[in-house]
Amino acid sequence: METVVSGIRSTGNLHLGNYFGALKNFLRMQNEHNCYFFIADLHSLTTHPHPADLHKSVRNVLVEYLAAGLDPEKCTLYIQSDVPEISELYLILNMNAYKGELERVPSFKEKVRSQPNNVNAGLLTYPVLMTADIIIHKATKVPVGKDQEAHLEMARNLGNRFNNMYEVDFFPEPYAFNFGEQLVKVPGLDGKGKMSKSSGEHTAIFLTDDEATITKKMKRAVTDMSPTEANAPKPESIQNLFDLMQLVSSKETIAHFESTWKECSIRYGDMKMQIAKDMNSYIAPIRQRIKEVDADTEFIAKAVKIGEEKARASAAKTVREAKEIIGFRKFY
Ligand code: ADP
Ligand code: TRP
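So, how was this worked out
- Numbering of residues starts from 1 in each chain and follows the order in which that chain's sequence is written.
- To read the labels, note that chains go from A and ligands from 1, taken in the order they are written.
- Given that this is a predicted model, residues contribute local features only at a pLDDT of at least 70 and side-chain atom pairs are listed and counted only at 80 or more, while totals for whole chains, interfaces and linings are drawn from all residues.
- Only hydrogens and water are set aside; all other atoms, that is, all heavy atoms of the structure, feed into the side-chain values.
- Residues are counted as near a molecule or strand when any one of their heavy atoms sits within 4 Å of it.
- The definition of a polar contact used here is a pair of N or O atoms within 3.5 Å, where within protein one atom must be able to donate a hydrogen and the other to accept one, and adjacent residues in sequence count solely through side-chain atom pairs.
- The helix count covers DSSP runs of H or I at least four residues long, the strand count covers runs of E at least two residues long, and both are numbered beginning at the N terminus.
- Under the grouping applied here, Gly and all other residues not named as nonpolar or charged are polar, the nonpolar ones being Ala, Val, Leu, Ile, Met, Phe, Trp, Tyr, Cys and Pro and the charged ones Asp, Glu, Lys and Arg.
- Surface exposure here means Shrake-Rupley accessible area, sampled with a 1.4 Å probe, where a residue is shielded only by the protein chains that are shown.
- Note on classification: 1.4 Å probe, protein chains only; a residue is buried when its accessible area is under 20% of the maximum for its type, exposed when over 50%, partly exposed between these limits.
- Residue contacts are defined here by distance: any two heavy atoms, one from each residue, within 4.5 Å place the two residues in contact.
- What goes into a patch is any residue over 30% in relative accessible area without a salt bridge, connected to like charges within 9 Å or, for nonpolar side chains (Val, Leu, Ile, Met, Phe, Trp, Tyr), within 5 Å.
- Each reported salt bridge corresponds to a side-chain nitrogen of Lys or Arg within 4 Å of a carboxyl oxygen of Asp or Glu.
- Charge convention: Lys and Arg are scored as positive, Asp and Glu as negative, and His as well as the terminal groups of each chain are ignored.
- Note that the charge is assigned to NZ on lysines, CZ on arginines, CG on aspartates and CD on glutamates.
- The split into domains, and so the bounds of each, comes from an automatic or database assignment of domains.
- The term buried area denotes the loss of accessible surface (1.4 Å probe radius) that occurs when two parts are joined, taken as the sum for both partners.

## Concerning the site of ligand 2
Taken together, Ser-6, Gly-7, Arg-9, Phe-38, His-43, Tyr-126, Met-130, Asp-133, Ile-134, Val-142, Val-144 and Gln-148 make up all the residues around ligand 2. Here a nitrogen atom of ligand 2 and a side-chain polar atom of Asp-133 are 2.8 Å apart. Within the side chain of Gln-148, one N or O atom sits 3.0 Å away from a nitrogen atom of ligand 2. At the level of elements, strand 1 (3-8) and helix 8 (126-135) are the ones that each hand at least two residues to the shell around ligand 2. The element contributing the most residues to the shell around ligand 2 is helix 8, with four residues. The residue makeup of the shell around ligand 2, split by class, is six nonpolar, four polar and two charged.

What follows is the structure, encoded as structure tokens:
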């Protein structure tokens, strides 16, 4: 059994891309590994959210993850800011993180371009905080996508730097993890790119969307011209419909539409309505559970309390030992 850590950004509602690309892996991992999943609310301060918005989005994410099946008894589910030891380790790690290497991280360069008026030190040291998140539990596996590879490299570097500096073998190296399977890419409804909050509400299906909303969005999903010759290769927007169908529909349904494509008798309207129907059946129980969890303030409170306790126990041990190694020793 390995130790797994993953941070969840606390922005917006979850869409099917988040569900099939990330959350489903978490659900599987919690049964097989020692998992720490947390909501990265400290990281979100890099954009200075209003206090009410910050609290609301953390609660939203928490509700949706609990509703989708993360089980506080099986994994350690917590809120980053509830574990002050993370901030302490972050401060310590900052002493050995260099401006040059931090400035070269692609996500930082991207922020400098996209928000030149808010290039704060938190953005520069984002990968140091992420390192603290991971190595504080001595995790070896981090379920994240390709875009986080540079951050993981920083986590390995900073952990190794600590080990070398103090001649210890204290922090193990963390690596990206996805069960060795190909990463799922859920397409957006705009016929290009992946499903994402940032490309617009209408291009993503959210776990909270009701049947009418799903149907409306699917109706508007972009499709190309109908095929004119048998067995033609599929253009991207049509492949996208088949990819979406693959996630929620039965084998028989998929086979039926595959054969109508081959025979050029496919009707995109029918296919879209079939996908909408199957998406709705898939989402309905989660949507219902989101409503239940959202109303159950006591359950939420209990879940975060257990998470906080478990995460702090693990984090405090690491920080205590790291401080001893550094030379912070008690006089009493
Ligand atoms: P968004 O693109 O909507 O801002 P995030 O970047 O916050 O989503 O992604 C959160 C998690 O969900 C990440 O692990 C990411 O890899 C995964 N994810 C997001 N969109 C998709 C998608 N369309 N297909 C597969 N995985 C996705
Ligand atoms: N940077 C990650 C993202 O953008 C979120 C994150 C913060 C994270 N801390 C982490 C992911 C620790 C894994 C481990 O998605």
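Having seen the structure, we can now continue with the description.
## Let's talk about the site of ligand 1
Looking at ligand 1, there are 13 residues lining it, with His-15, Val-186, Met-195, Ser-196 and Lys-197 nearest. Between Lys-194 and ligand 1, the recorded distance is 3.3 Å, taken from a side-chain N or O atom to a nitrogen atom. Between ligand 1 and Met-195, the relevant distance is 2.9 Å, taken from a nitrogen atom to a main-chain nitrogen or oxygen of the residue. Considering ligand 1 on its own, with 540 Å² of exposed area, one finds that the protein chains cover 78% of that surface. When its residues are assigned to classes, the shell around ligand 1 shows four nonpolar, five polar and four charged.

## Digging into the side chain of Glu-85
Assignment of secondary structure puts Glu-85 in helix 4 (residues 84-94). With relative accessibility at 10%, the residue Glu-85 sits in the buried group. Side chain to side chain, Glu-85 and Arg-312 meet in a polar contact 2.9 Å long. The contact partners of Glu-85, leaving out residues within four places of it in the chain, are Ile-136, Arg-312, Ala-315, Ala-316 and Val-319.

## Topic: the environment of Phe-328
Position of Phe-328 among the secondary structure elements: in the segment after helix 14 (297-326). Among the residues examined, Phe-328 registers a relative accessible area of 48% and is labelled partly exposed. Distance from Phe-328 to Ile-205, taken between C-alpha atoms, is 51 Å for residues 123 residues apart in sequence.

## Concerning a positive patch on the surface
Residues Arg-9, Lys-111, Lys-194 and Lys-197 make up a contiguous surface patch of positive charge. Along the chain, Lys-194 falls in the loop between strand 5 (175-176) and helix 10 (211-219). Accessibility expressed as a relative area gives 53% for Lys-194, which makes it exposed.

## A short note on the domain arrangement of the protein
The domain architecture assigned to the protein consists of domain 1 (3-184 + 297-326) and domain 2 (197-291). Just the C-alpha atoms count here: the centres of domain 1 and domain 2 sit 33 Å apart. Opposite the 16 residues of domain 1 that make contact, domain 2 presents 14 residues. The largest share of the area that domain 1 buries against domain 2 comes from His-15, Leu-16 and Phe-20, three residues that together contribute 40% of it. Counting every contact that joins domain 1 to domain 2 gives zero salt bridges. Contributing elements (two or more residues each) for the side of domain 1 that touches domain 2: helix 1 (16-32) and helix 3 (51-68). Examining the composition of the side of domain 1 that touches domain 2, we find that five residues originate from one element, helix 1, more than from any other. Along the lines of polarity and charge, the residues of the side of domain 1 that touches domain 2 split into nine nonpolar, five polar and two charged.

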